[in-house]
Amino acid sequence: MAFLIQNAQVWDGENDERYPAEVLIERNRITAVARDKGQLRRDGAEIIDGGGMTLMPGMVEGHCHLSFVGPARNQDLGEIPPEEHLLRTCRNATLILNHGFTSCYSAASAKMRLDVVVRQEIEDGYLAGPRYKAAGPEITSTGGLGDERKQHMHAESFGMIADGPDEVRRAVRLCCREGVDNIKLNISGDDFVTNAGAEITSMSEVEVATAVEVAHEWNKRVACHSRAAASVKRAVRNGVDCIYHCDFADEEALDMLEAAKHRVIIGPAFGLIHNAVFEGDAAGVPREFVERMGLARKLELTCRTYEQMRKRGMKVVVGGDYGFKITPMGQNARDIGHFVKFFGYSPAEALRCATSVGGELMGHKGELGVIKPGALADILLVDGNPLVDQSVLVGPDRLAMIMKDGKLHRDPRARSSARGRLAAE
Ligand SMILES: [Zn+2]
C-alpha cells in the first residue's frame, strides 16, 4: 500500500510553522516529504488531495485511561463486572482513535488485564484503536489514592494495595506476569479522595525504590502519580520514568526535575482540575467541594509550576485524566489549548507536547509524532490551522483523515464525496 498526499500544509511535529508539501507513505512509513509540487513520483501510489488542509502527526495521549468509562466516583469502576468493563474499554479505544489520537500511553487500567487484552486485540487487527502502551492498576498503599475500603467494607476502584517492599515487589511482578508495558505507582494522595490528600506523600522511599528496581529489571517503564513536592522528589531520586501532576513541586523539586530532564517525562493531567473548577456545576461537582478543597488556588499553583517546566525545557506531554464523568473521553485534545492559555506555551510548543514528545514517551523517539522520511505513518488531515486555533483538534468533525501505521482509519475521499453530494442536492 502506498499513498501520495498532495496539496497539504504540513506541520511536521518539530518546526514552528506549516509549509506546503507533498508526503509519500509506503506501507507503514513516511518515505518522502517534498516542499515543491510534483517532486514525488506517483509509482502506483493512491493520490489523496489534501485540499489545502493541515497535515500533521497523529496525536499522542500521554495520560490515558481507556478503562475509565465515565465514573462519578472512583469506586464506581469497582462495581462494573469484568465482562461489561472490557466491552466499554473497547469502545473507548475506538472513540479515542476517532478523535485523532493514534497513540496512547496508559496511566493505569482499572482492572489488571483490561489494558493488556485491549492492546493485544488492537495489535492483532480486530479492534480499531490507537497504538497502546498498557498499564496495570495503580499500585498504592493502604489509605492511599485507590484504596476505597472502610473497615469491614470491601470496595475497589483502580488501585492495587501493597504495603512494604515485599508486597510492592509482588504487585509489580504480578503486573509484569500479566503483560503490562508500564507500571503505575501512586506516591502521593489526591484531593478527589477522602483519605490521603494531594499534599500527603503516601508511598515510602523503600516502596518506591523496590517498585522501580523490579520494573526496570523486567524492562518496564514506571509512571507515577505525584502531587506533593516530597513525592516528586521521591520519584526523581528513585528513577521513575514518567511523573504525573507535580502540581506542588517546590524549587528543590523543580531543580531535581531539571537535572533529570534528559530521562524524565512529565504530564500535568490538567483536564481534571480544569473541569472541576470551571465546569464542575454541569458535571455535578458541588461548588462547596471545590471551595473547601481550595481547587482554584491549586489550579493557579499548577499553572505557575508548568510555566517553570516550560522555561526549564522539561519534556511535558498532554493528557488530562480523561475518562471520568467530569472529563469525558474524547475531550482529550482540549489539553493543547490549555497549555497555551494556562501555561504560556506557544501553539507549536503545545502541539509538540501532543506529538513528538509523546512519541518519545511511546518509546519511538524521532520516529513517532513527526512527519519526516522514515517516521511511522500516523497522520492527520485537519480542516483548519491548529497553530492558530487549537480547538479544531477537539472533536472528530474537523479531522478529515486519520491514518495509523499507514492504514486509513478515516478516508478523506469519503468526506469530500459526501460534501459533493450535499452540494449537488
Ligand atoms: Zn490518571
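Refer to the structure above for everything that follows.
The rules behind these values
Residues numbered from 1 in each chain as written. Predicted model: local features only at pLDDT ≥ 70, side-chain atom pairs only at ≥ 80, totals over all residues. Heavy atoms only, no water. Helix = DSSP H or I, 4+ residues; strand = E, 2+ residues; numbered from the N terminus. Rg over C-alpha atoms; globule rule 2.2 N^0.38 Å. Buried < 20%, exposed > 50% of the residue type's maximum accessible area, 1.4 Å probe, protein only. Lys, Arg positive; Asp, Glu negative; His and termini not counted. Charge placed at Lys NZ, Arg CZ, Asp CG, Glu CD. Pairing = 2+ DSSP bridges. Axes fitted to C-alpha atoms, helices over the stretch in contact; angles between N-to-C directions. Contact = heavy atoms within 4.5 Å. Salt bridge = Lys/Arg side-chain N within 4 Å of Asp/Glu carboxyl O. Parallel < 35°, antiparallel > 145°, perpendicular 65-115°, else oblique. Nonpolar A, V, L, I, M, F, W, Y, C, P; charged D, E, K, R; others polar. Expected span 1.5 Å × (residues − 1). Arc of directions from axis to C-beta. Core = buried A, V, L, I, M, F, W, Y, C linked by side-chain atoms within 4.5 Å.

Focus on the overall build of the protein
If you tally the helices and strands in the protein, you get 13 helices and 18 strands. Against the compact-globule benchmark of 22 Å for 425 residues, the protein has a radius of gyration of 21 Å, which places it among compact chains. Reported as C-alpha extents along the three principal axes, the dimensions of the protein are approximately 70 × 45 × 45 Å. Counting over 425 residues, the protein shows a buried share of 58%. Distance between charge centroids for the protein: 2 Å, based on 53 positive and 60 negative side chains.

Notes on the sheet that holds strand E6 (residues 59-64)
Pairing is parallel across the open sheet formed by three strands, whose spatial order is E6-E7-E8. In this open sheet, the two edge strands, each paired with only one partner strand, are E6 and strand E8 (131-133). Put simply, the sheet's adjacent strands are angled 15° from each other on average, direction ignored. The pairing of strand E7 (residues 101-106) with E8 spans three bridges and is classified as parallel. Bridging across to E8, Ser103 finds its partner in Arg131. Set on the sheet, helix H1 (residues 82-98) makes contact with E6 and E7; between it and E7 the angle comes to about 130°.

A look at the sheet that holds strand E12 (residues 221-226)
The strands that make up a sheet pair up through hydrogen bonds in the backbone, lying either parallel or antiparallel. Here we have seven strands laid out as an open sheet, ordered E10-E9-E11-E12-E13-E14-E15, and parallel in their pairing. The open sheet has two edge strands, strand E10 (159-161) and strand E15 (315-316), and neither has a second partner. Summarising the sheet, strand E9 (residues 135-140) and strand E11 (residues 182-186) pair through three bridges and their orientation is parallel. From the neighbouring strand, Glu138 faces E11, where its bridge partner is Lys184. Running at roughly 170° to E12, helix H5 (residues 229-237) makes contact with E12 and strand E13 (242-245) of the sheet.

Examining the pattern of salt bridges
Applying the stated criterion to the full structure yields 34 salt bridges. The partner of Asp378 in a salt bridge is Arg131, with the nearest N and O atoms 2.8 Å apart. Here the residue Asp378 occupies a position in the loop between helix H12 (356-361) and strand E16 (379-382), and Arg131 occupies one in strand E8, the gap between them amounting to 247 residues. Of the two residues, Asp378 and Arg131, both sit in the buried class. Between Arg334 and Glu279 there is a salt bridge; the shortest N-O distance is 2.7 Å. Within this pair, whereas Arg334 is found in helix H10 (residues 334-343), its partner Glu279 is found in helix H7 (residues 271-283), the two being separated by 55 residues in sequence. One salt-bridge network, in which partners are shared between bridges, spans Glu251, Asp255, Glu258 and Arg312.

Let's talk about the packing of H7 against H10
Interhelical geometry of H7 versus H10 gives an angle of 75° and a closest axis separation of 11 Å. By the angle class used here, H7 and H10 are roughly perpendicular. When H7 is examined against H10, the residues Gly271, His274, Asn275, Phe278 and Glu279 are found in contact with a partner set consisting of Arg334, Asp335, His338 and Phe342. Across the contact of H7 with H10, the residue classes tally to two nonpolar, four polar and three charged.

Some thoughts on helix H9 (residues 295-311)
Across its 17 residues, H9 extends 24 Å between first and last C-alpha, which sits within 8% of the 24 Å expected from 1.5 Å per residue. Inspection of H9 places Leu295, Lys298, Leu299, Thr302, Cys303, Thr305, Tyr306 and Met309 among the buried residues, and these make up the whole buried set. In an axial view of H9, the angular spread of the buried residues amounts to 165°, which keeps them on one side of the axis. Exposed residues on H9 whose side chains face more than 90 degrees from its buried face are Arg297 and Lys311. Directly after H9, the chain includes Gly313, whose backbone phi takes a positive value near 70°.

Section: the side chain of Lys298
Within the fold, Lys298 resides in helix H9. For Lys298, the contacting residues outside a window of four places in its chain are Asp191, Glu199, Phe248, Ile273 and Met293.

Description of the pairing of E6
A large share of E6 lies buried, amounting to six of its six residues. In terms of strand pairing, E6 meets E7 through four bridges, oriented parallel. Pairing of Cys64 across the sheet is with Ser106, part of E7.

Details of the nonpolar core
The nonpolar side chains of a soluble globular protein tend to be buried, and buried together. Counting 100 residues, the largest nonpolar core has Ile139, Ile183, Leu185, Leu257 and Leu393 as its most contacted members. Once residues lying within four places of it in the same chain are set aside, the contact partners of Leu257 are Val232, Val236, Ile243, Cys246, Val264, Ile266, Met309 and Met314. In this structure, Ala8, Ile30, Ile379 and Leu381 belong to the second largest nonpolar core, which totals 21 residues.

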